[in-house]
Amino acid sequence: MRRVLLILAAAVLAGSLLAGCGSDGEEPPLTVLGASSLETALSEYDRSAGAAVRASFAGSDQLAAQIRRGAPADVFASADTEYPAELYRAGLVEKPVVFAANELVLAVPPGSPVASLADLARPGTKLVVGAPSVPVGRYTRALLARLPRGERRAIERNIRSEEPEVGSVVAKLEQGAADAGFLYVTDAEAAGDGLATVRTPARLQPTIAYAAAVVSHSDVRAAAHRYLDGLLHGQGAGALRRSGFLPPP
């Protein structure tokens, strides 16, 4: 009887130890807020990040606003350096790091009459761009500002809509609602054969840098820092390159 009781006690102890190694000991999911243009690359990275990741994608301005309101988040990955820098100055994120670069292209749907940047100035051309509050919109305006004033103003008169994120620019083009739109080369490539691209002269290209930071109120900072390291040097960097992103400038 004594031997039986000892065996039962050992079994109970083993069960308790196993329970302690279960879900209660696991880290909570890592919440990543990423710019829309990062969705393909970060979705690939998230599947191999070694942690449970909950990702949400939107315009960088919307994501920054969520962090200001105290929304749950661990990592913020923006399509620019300005929003992470603003949040850092406010004490809402740790020091940002630049992890990727991109290029701006003019994209056109099948049958578009636009074959060059100069065509955008023709009366009646329908152009779609990002809103001024989102990085792709700011980059677009920086490119246009380098054109001669008359050409720039003629192009600006043909802007038919200003979209809240780059995905909306892609959608407008795929729906045939515009003749051309400015977006990142990575989004144009992700669209496949649906869109053609018109490269812009190098002298007009703005510097497009992506920055990310660990959110200050994160409860899983160690995991957030590992995620950030992967964007710079590990599997995340590989996913970014496969999606067409350039190394940090």
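Every value quoted in this text rests on a predicted model; they were computed, and no experiment measured them. (Residues numbered from 1 in each chain as written. Predicted model: local features only at pLDDT ≥ 70, side-chain atom pairs only at ≥ 80, totals over all residues. Heavy atoms only, no water.)

Topic: the sheet that holds strand 1 (residues 30-35)
Link 1 in the chain: Spatially, 2-1-3-10-4 is the arrangement adopted by the 5 strands of the open sheet, whose pairing is mixed. Each edge of the open sheet carries a strand with a single partner, namely strand 2 (53-58) and strand 4 (97-102). Going from strand to strand, the sheet's axes swing by 20 degrees on average, the running direction of each strand aside.
Link 2 in the chain: Bridging between strand 1 and strand 3 (residues 75-78) involves 3 bridges; their strand directions are parallel. Of the residues in strand 3, the one forming a bridge with Leu-33 is Phe-76. (Pairing = 2+ DSSP bridges. Helix = DSSP H or I, 4+ residues; strand = E, 2+ residues; numbered from the N terminus. Axes fitted to C-alpha atoms, helices over the stretch in contact; angles between N-to-C directions.)

Concerning the packing of helix 2 (residues 39-46) against helix 10 (residues 235-242)
Link 1 in the chain: Running from amino to carboxyl end, helix 2 crosses helix 10 at an angle of 145 degrees, the nearest separation of the two axes being 8 Å. The two elements helix 2 and helix 10 cross, and the hand of that crossing is right-handed. Residues Ala-41, Glu-44 and Tyr-45 of helix 2 lie in contact with helix 10, whose contacting residues are Gln-235, Gly-236, Ala-239, Leu-240 and Arg-242.
Link 2 in the chain: Class assignment for the residues of the contact of helix 2 with helix 10 results in 4 nonpolar, 2 polar and 2 charged. (Left-handed = near helix turned anticlockwise from the far one by under 90°. Contact = heavy atoms within 4.5 Å. Nonpolar A, V, L, I, M, F, W, Y, C, P; charged D, E, K, R; others polar.)

Thoughts on the pattern of salt bridges
Working definition: two side chains of opposite charge can pair if their charged atoms are close together.
Link 1 in the chain: Applying the stated rule across the entire model yields 9 salt bridges.
Link 2 in the chain: Between Glu-86 and Arg-68 there is a salt bridge, and its shortest N-O distance comes to 2.9 Å. Of this pair, Glu-86 sits in helix 4 (residues 82-89) while Arg-68 sits in helix 3 (residues 60-68), and the two are 18 residues apart along the sequence.
Link 3 in the chain: Here Asp-119 makes a salt bridge to Arg-122, at a shortest N to O gap of 2.9 Å.
Link 4 in the chain: By relative accessible area, Asp-119 is classed as buried at 14%.
Link 5 in the chain: Salt bridges sharing common partners tie together Asp-80, Glu-82 and Arg-138. (Salt bridge = Lys/Arg side-chain N within 4 Å of Asp/Glu carboxyl O. Buried < 20%, exposed > 50% of the residue type's maximum accessible area, 1.4 Å probe, protein only.)

Some words on the sheet that holds strand 5 (residues 104-108)
Link 1 in the chain: One open sheet holds the 5 strands; their spatial order is 7-6-8-5-9, and the pairing between them is mixed. At either end of the open sheet lies a strand with only one pairing partner, and these are strand 7 (159-163) and strand 9 (196-198). In this sheet, neighbouring strand axes are inclined to one another by 35 degrees on average, regardless of whether the strands run parallel or antiparallel.
Link 2 in the chain: Relative to strand 8 (residues 180-184), strand 6 (residues 127-130) runs parallel, the two being bridged by 2 bridges.

Examining the nonpolar core
Link 1 in the chain: Formed by 58 residues in total, the largest nonpolar core has its most connected members in Phe-182 and Leu-183.
Link 2 in the chain: By size, the runner-up hydrophobic cluster in this structure holds 12 residues, among which are Leu-33, Ala-73, Val-93 and Val-215. (Core = buried A, V, L, I, M, F, W, Y, C linked by side-chain atoms within 4.5 Å.)

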